[in-house]
Amino acid sequence: MDTNVYSSENKCASPNEMNGKGVLEVTSLLPDVAEEAHNEARKYPDVPSLRYGVGENPPILLSLILAIQNVMLSFGMNLLVSVTIADLACADRNDPIRAKLFCTSVFVVGLTTVVQSAVGIRIPILQGVSGAFLGPLVSMKTAGVWSCDSTGDMDSVSMSSNQTLLQNVTMATKQELVYYRVTQLQGSLMVSGLVTEVFLGGTGLLGYLVKLVGPITVCVTITSLGLSLYPIPIFYCSKYLPVAVCGTLMMILFVMYLTRIYVTIPTIHCNRKKATECNRNTKLPIFQTFPLFISVVITWALCGVLTLAGVFPDDPSEPAYGARTDTRGDLITLSPWLFFPYPGQFGPPRFNTAIFIGFVSSYLSSNVESIGDYMIVSRATGTFPPPRHAINRGILTEGIMGVVAGALGAGHATTSYSDNVVIIKITQVASRSVMLLAGSICLLFGVIGKFGAVLASLPDPVMGGVTIVLFGLLVSIGLSSLQRVNLSSTRNLAVLGTSLYTGLVISEWLKLNKDSIDTGYASLDQVLKLILGTQMFVSGLTSIILDNTVRGTTEERGMDDMTSFKTGNGSDTDTHHSVYDVPGVSQLQRKIPLLRHIPFLQPYRLE
């Protein structure tokens, strides 16, 4: 059965289909999408119906808009982390380093997405700024360890083994202080990436540990992540609630009610192998395919009109000021037209013990999130669960790119974005080429700084409206991992509920009792606060321990058929080998036997 539910009209007929007069008869093919999807769901109840599978390439215009939708998801965190780093380093509001940090962050996200999609895990998953790295940065600021009150003869940073060294450092100017702190972040990031993700992925150790991650752990990790993100839409929506509500209602309307509205798009897309198949008109469910893009454009335009009409205040201290379209004009002005990040642009990397420890815990939290994302994306794309070598290579890629990010001066690493899974589920497009294009767009925006700055100038309520629906769907995607789990089992219910509640209670308790952890060592206190304050990490770790120590059968835990998960029906090429295997490696393994034993490369197979 043809599983591409994009209906087409006016297919060019073959010569045998011409009537006796030599006139080409054009037929209109309008498949019943509902009936087709229903039949497919009965045949493969656990496999999603995809318009474009992992190995398929949508038309360029469609791919471009889909890629921009994914890019929009990452820019908010790019801006947030780069601003946090600049503030932590005591950079002035008009300091050019702010634009450099933002452009470098966008460039790193694009580079990591391209590498991860091409040779890393090789499934369409967006790489973005890891929110886990905000923890150490914010704790440094709130704890007063790095202070901007004094920029005289001494850097106010004095931690652990670095105390004596840093006390002897003389800062001639505030600019030197800013660059000195940024280089400490990047040096600590590089070392922590090497000893965590590069080590775990390169040695293959993580591939063995991933056996401990079952559907319950995946559910707990992703659901906890979605639930812990609730402050983000609250913060964005609080700027101007009417605009945020408008965006939320449009997302609900597009995703849930207008999915059957098709718009004919004139295209010519021929199959070279089958010259008789030539689609001239493609019917596209436009609201289901581009819900985020359409909602953002409409609400952004609404904010522009209200800004020109003088509805929003001019006072930056007013919450509604964040709804103006000109609030980030400084970022656009400061961003260069052309900017090429290079290693050492802020100076030679330096090391800080406390930052290193904080970043190590951030990497470990990111690993749990990434593994869960790999499992969820594999299910959303209808492919096999990622094999051991692919998980090793995915985490290794994230670690290597974290080292690269540190070398370039980004001050943060990247991780897999769970929001990307929501886009796949909504649009039913799982093409790897779309993600490669999204990474390329980020690279372009990083190099042409003003382009990226314009997209980053989205008013806060615009993103707040769409994130309510996106984060809600993220929670439901986490819950969907329980399809194979026996939910009538008291054992499973206890593990699931205890894990979710433990992470929620501990993280919220720590917010209300910030000074309750006092071991006498400032660095250890910060690490414990970071770990215990990360709901996803606490819940995920609790579920791993309980799920693997409480007695239960593999069938009861939903792990009995994970290796036999069927390939998706969205692509004829979505097989275990073609999705996760790196092209050309099998030929090299045939010539160089040593490559057959590398844990992050696919197993050697006789052909």
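- Per an unreviewed UniProt entry, the protein goes by Solute carrier family 23 member 1 and derives from Mizuhopecten yessoensis.
- Its UniProt record gives the protein the following Subcellular location (unreviewed entry) comment, quoted word for word: "Membrane".
- In UniProt, the protein has this text filed under Sequence similarities (unreviewed entry): "Belongs to the nucleobase:cation symporter-2 (NCS2) (TC 2.A.40) family."

### A look at the overall build of the protein
- Helix and strand counts for the protein stand at 25 helices and 5 strands.
- Taking all 607 residues of the protein together, the buried fraction comes to 54%.
- Taking as baseline every contact in the protein between residues at least 6 positions apart, the subset at least 24 positions apart corresponds to 81%.
- Looking at the protein as shown, the accessible area adds up to about 26,000 Å², and 64% of this sits on carbon and sulfur atoms.

### Section: the confidence of the model for the protein
- Per-residue confidence for the protein gives a mean pLDDT of 76, with 77% of residues at or over 70.
- In the model of the protein, strand 1 (residues 8-9) stands out as the element of lowest mean pLDDT, 38, in contrast to helix 15 (residues 388-408), which has the highest, 92.
- In this model, residues 268-278 is a region of pLDDT below 50 whose contacts with residues beyond four sequence positions or in other chains number 14 contacts.

### With respect to the packing of aromatic side chains
- Enumeration over the complete set of coordinates arrives at 5 aromatic pairs.
- A centroid spacing of 5.4 Å and a plane angle of 50° characterise the contact between phenylalanine 351 and phenylalanine 356, whose relative ring orientation is tilted.

### Some remarks on the pattern of salt bridges
- For the coordinates displayed, the defined rule picks out 5 salt bridges.
- A salt bridge links aspartate 314 to arginine 324, with the shortest nitrogen-to-oxygen separation between them at 3.0 Å. Highlighted residues: aspartate 314 in the loop between helix 12 (291-308) and helix 13 (329-334) and arginine 324 in the loop between helix 12 and helix 13, separated in sequence by 10 residues.
- Exposure remark for arginine 324: the relative accessible area of 9% places this residue in the buried category.
- In this structure, aspartate 547 engages arginine 491 in a salt bridge whose closest nitrogen and oxygen atoms are separated by 2.8 Å. Pair noted here: aspartate 547 is in helix 22 (residues 535-549) and arginine 491 is in helix 20 (residues 490-512), with a separation of 56 residues, a long-range link. Arginine 491 carries the same exposure label as aspartate 547, and that label is buried.
- Through salt bridges with shared partners, a single network forms among Asp314, Arg324 and Asp326.

### Things to note about the side chain of asparagine 352
- Here asparagine 352 shows up in the loop between helix 13 and helix 14 (353-380).
- For asparagine 352, the side chain forms a polar contact with the side chain of glutamine 184, separated by 2.9 Å.
- Reaching out from asparagine 352, the side chain makes a polar contact with the backbone nitrogen of isoleucine 355 at a distance of 3.2 Å.

### Overview of helix 14
- Given a rise of 1.5 Å per residue, 28 residues ought to cover 40 Å, and the 40 Å separating the end C-alpha atoms of helix 14 matches this to within 8%.
- For helix 14, the tally of buried residues reaches 26 of 28 residues, placing the bulk of the element in the interior.
- N-capping of helix 14 is provided by asparagine 352, with a side-chain oxygen placed 3.2 Å from the backbone N of isoleucine 355.
- Just past helix 14, the residue glycine 382 takes up positive phi, approximately 75°.

### Some remarks on the environment of valine 108
- Tracing the backbone through its elements, the reader meets valine 108 in helix 3 (residues 96-118).
- According to the relative accessible area criterion, valine 108 is buried, its value standing at 2%.
- Taking C-alpha positions, valine 108 is 7.9 Å from methionine 401, a pair spaced 293 residues apart along the chain.
- Beyond its immediate chain neighbours, meaning those up to four positions away, valine 108 contacts Ala405, Leu408, Ala410 and Thr414.

### Looking at the packing of helix 10 (residues 241-257) against helix 19 (residues 460-479)
- With their axes 7 Å apart at the nearest point, helix 10 and helix 19 run at an angle of 40° to one another. Comparing their axes, helix 19 and helix 10 come out oblique. Read as a crossing pair, helix 10 and helix 19 show a hand that is right-handed. Residue-level inspection shows Val243, Ala244, Gly247, Thr248, Met251 and Ile252 of helix 10 in contact with helix 19, the latter providing Pro461, Gly465, Val466, Ile468, Val469 and Leu470.
- By residue class, the composition of the contact of helix 10 with helix 19 is 9 nonpolar, 3 polar and no charged.

### Focus on the environment of isoleucine 65
- With respect to the helices and strands, isoleucine 65 occurs in helix 2 (residues 60-88).
- A C-alpha to C-alpha distance of 9.4 Å links isoleucine 65 and alanine 438, two positions 373 residues apart in sequence.
- Residues contacting isoleucine 65, with those up to four places away along its chain left out, are Phe290 and Phe293.

### A short note on helix 22
- Taking 1.5 Å per residue, 15 residues should reach 21 Å; helix 22 reaches 21 Å between its end C-alpha atoms and fits that length.
- Those residues of helix 22 that fall on the buried side of the exposure criterion are Gln535, Met536, Phe537, Val538, Ser539, Gly540, Thr542, Ser543 and Asp547.

### Let's talk about the packing of helix 8 (residues 215-228) against helix 20
- Viewed as axis vectors pointing N to C, helix 8 and helix 20 meet at an angle of 30°, and their least axial separation amounts to 10 Å. In terms of orientation, helix 8 and helix 20 fall into the roughly parallel class. By crossing handedness, the relation of helix 8 to helix 20 is classed as right-handed. Across from Ile216, Cys219, Val220, Thr223 and Ser224 in helix 8, the residues of helix 20 making contact are Arg491, Asn492, Val495, Leu496, Ser499 and Leu500.
- Here the contact of helix 8 with helix 20 is built from residues that sort into 6 nonpolar, 4 polar and 1 charged.

### As for the side chain of histidine 389
- Of note, histidine 389 is situated in helix 15.
- With residues near it in sequence (within four places) discarded, histidine 389 still touches Tyr580, Asp581, Pro599, Phe600, Leu601, Gln602 and Pro603.

### Focus: the environment of isoleucine 298
- Looking at where isoleucine 298 falls in the secondary structure, it is placed in helix 12.
- For isoleucine 298, a relative accessible area of 39% gives the class partly exposed.
- Residues isoleucine 298 and glycine 247, 51 residues apart in the sequence, show an inter-C-alpha distance of 8.2 Å.

The rules behind these values
- Residues numbered from 1 in each chain as written.
- Predicted model: local features only at pLDDT ≥ 70, side-chain atom pairs only at ≥ 80, totals over all residues.
- Heavy atoms only, no water.
- UniProt positions renumbered as here; feature names shortened; annotations may be inferred.
- Helix = DSSP H or I, 4+ residues; strand = E, 2+ residues; numbered from the N terminus.
- Buried < 20%, exposed > 50% of the residue type's maximum accessible area, 1.4 Å probe, protein only.
- Contact = heavy atoms within 4.5 Å.
- Areas by Shrake-Rupley, 256 points an atom, 1.4 Å probe, with all protein chains shown as cover.
- pLDDT = per-residue confidence, 0-100.
- Phe/Tyr/Trp six-rings, centres within 6.5 Å; stacked < 30°, edge-to-face > 60°.
- Salt bridge = Lys/Arg side-chain N within 4 Å of Asp/Glu carboxyl O.
- Polar contact = N/O pair within 3.5 Å; in protein donor to acceptor, adjacent residues only side chain to side chain.
- Expected span 1.5 Å × (residues − 1).
- Axes fitted to C-alpha atoms, helices over the stretch in contact; angles between N-to-C directions.
- Parallel < 35°, antiparallel > 145°, perpendicular 65-115°, else oblique.
- Left-handed = near helix turned anticlockwise from the far one by under 90°.
- Nonpolar A, V, L, I, M, F, W, Y, C, P; charged D, E, K, R; others polar.

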